[in-house]
Amino acid sequence: MTDSPLKTRREGHVLEVVLDRPKANAIDLATSRVMGETFRTFRDDPDLRVAIVTGAGPKFFCPGWDLKAAAAGDAVDGDYGVGGFGGLQELPGLNKPVIAAVNGICCGGGLELALSCDIILAAEHATFALPEIRSGTVADAASIKLPKRIPYHIAMELLLTGRWIDAQEAHRWGLVNRVVPAADLMAQAWEMARLIASGPPLVMAAIKEVVRDAEDSKFQDALNRITKRQLPTVDRLYASEDMMEGFRAFAEKRDPVWKGR
């Protein structure tokens, strides 16, 4: 569609998703549903292994919820689509890595979108905030996720004050993996995506499911589910050709050839 709020590009095993809704890349209900369908297609395509999500233009990654659309009737508790807000944070069974390439302002639901990714790269001029409190509402997903990702007291300060931080401070607190020049952001995102995509896809799927399953579990309970092959991705990995290929490649001193089966 020519008027789609997303632009996508696939190269090899990598899918690039660009949020493109001038002027600020805000997300309304319709956009969220399109994003959910896009990431569901990514999840279900056996040839795709890694996704990159970024925003169009040099200024905005995403400011989150489209307040103009809300004023026009979009309900805050409306139908966000299969993946919840932004298509990622509630998408079931997403066992593939997603990289956020934050190219500018990343706040509110936009920061929650980034937090739904596995790796966050930020341009030097990127800024981050959770300003919901200033609008008399709660950053719901961020209130759950952020205190688990960065030091509790820093997370609470950001949630309770709506304070903005720059990319360097975000990196200092571990919110982003690295800060790069804006001109290099997408090249570095693609470099990382290709590196990850070159790895064993069944192992990546198992890592994501294990991490997700273990988030609210006791260590021994989570470990038992792995060793007893109670997680579908782990069970599939342990019975796969790829696992034997890894062993053989090591013994034969060669690079493994991953087939995803």
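The preceding data block contains the structure.
The structure displayed is predicted, hence computed values, not measured ones.

**Q** What should I look at first to understand the overall build of the protein chain in this one?
**A** The helix and strand inventory of the protein chain stands at eleven helices and ten strands. Excluding contacts between residues fewer than 6 apart, the proportion of contacts in the protein chain whose partners are at least 24 apart in sequence is 67%. On the protein chain, roughly 13300 Å² of surface is accessible, and the fraction owed to carbon and sulfur atoms is 57%. Distance between charge centroids for the protein chain: 3 Å, based on 32 positive and 35 negative side chains.

**Q** Can you help me understand the side chain of Asn95 in this one?
**A** On the secondary structure map, Asn95 appears in the loop between helix H2 (67-71) and strand S5 (98-102). The exposure class of Asn95 is buried, given its relative accessible area of 16%. Side-chain polar atoms of Asn95 contact the side chain of Arg212, separated by 2.8 Å.

**Q** Sorry, what's going on with the state of the cysteines here?
**A** By definition, a disulfide links the sulfur atoms of two cysteine residues through a covalent bond. By the definition in use, this model includes zero disulfides. Just so you know, Cys62 is unpaired, no disulfide at all, and the nearest cysteine sulfur is the one on Cys106, 7.4 Å from it. Looking at Cys62, the relative accessible area reads 0%, which means it is buried. For Cys117, which is in no disulfide, the shortest distance to another cysteine sulfur is to Cys106 and amounts to 9.2 Å.

**Q** I keep staring at the pattern of salt bridges and nothing clicks. Help me out?
**A** Any two side chains of opposite charge can pair, given that their charged atoms come close. Within the structure shown, the criterion is met by 20 salt bridges. The closest approach of N and O atoms between Glu11 and Arg194, which form a salt bridge, is 2.8 Å. Here Glu11 is found in strand S1 (residues 6-11), whereas its partner Arg194 is found in helix H7 (residues 185-197), with 183 residues between them in sequence. Classification of Glu11 by relative accessible area gives partly exposed; the value is 34%. The salt bridge partner of Glu157 is Arg163, with a shortest N-O separation of 2.8 Å.

**Q** Explain the sheet that holds strand S3 (residues 50-55) to me, please; I cannot follow it from the model alone.
**A** Spatial ordering of the open sheet is given by S1-S2-S3-S5-S7-S10, a layout of six strands whose pairing is mixed. A strand with exactly one partner marks an edge of an open sheet, and here the two such strands are S1 and strand S10 (178-180). Sheet twist, expressed as the mean angle between neighbouring strand axes with direction ignored, is 20 degrees. Two strands pair when backbone bridges link them, and S1 and strand S2 (residues 14-19) are joined in this way by six bridges, in the antiparallel orientation. Paired with Arg10 across the bridge in S2 is Leu15. On top of the sheet, helix H1 (residues 29-44) reaches S1, S2, S3 and S5; it is set at about 175 degrees to S2, its chief contact.

**Q** How should I be thinking about the environment of Arg236 in this particular structure?
**A** Residue placement: Arg236 occurs in helix H10 (residues 232-238). Counting along the chain gives 48 residues from Arg236 to Gln188, while the straight-line C-alpha distance between them is 32 Å. For Arg236, the residues in contact, after removing those within four places along its chain, are Leu202 and Gly260.

**Q** Sorry if this is basic, but what is going on with the nonpolar core here?
**A** The nonpolar side chains of a soluble globular protein tend to be buried, and buried together. Phe61, Val98, Ala100, Val102, Phe128, Leu146 and Leu175 are the most contacted members of the largest nonpolar core, which totals 47 residues. With residues up to four places along the chain from it excluded, the contact list for Val102 reads Phe61, Ala114, Ile120, Leu121, Ala122, Ala123, Ala126, Phe128 and Leu185. Judged by nonpolar contacts, the second largest core, of 17 residues, contains Val14, Leu121, Leu185 and Met192.

Reading the values: rules and limits
Residues numbered from 1 in each chain as written. Predicted model: local features only at pLDDT ≥ 70, side-chain atom pairs only at ≥ 80, totals over all residues. Heavy atoms only, no water. Helix = DSSP H or I, 4+ residues; strand = E, 2+ residues; numbered from the N terminus. Contact = heavy atoms within 4.5 Å. Areas by Shrake-Rupley, 256 points an atom, 1.4 Å probe, with all protein chains shown as cover. Lys, Arg positive; Asp, Glu negative; His and termini not counted. Charge placed at Lys NZ, Arg CZ, Asp CG, Glu CD. Buried < 20%, exposed > 50% of the residue type's maximum accessible area, 1.4 Å probe, protein only. Polar contact = N/O pair within 3.5 Å; in protein donor to acceptor, adjacent residues only side chain to side chain. Disulfide = S-S within 2.5 Å. Salt bridge = Lys/Arg side-chain N within 4 Å of Asp/Glu carboxyl O. Pairing = 2+ DSSP bridges. Axes fitted to C-alpha atoms, helices over the stretch in contact; angles between N-to-C directions. Core = buried A, V, L, I, M, F, W, Y, C linked by side-chain atoms within 4.5 Å.

Honestly, it's all geometry; don't read function into it.
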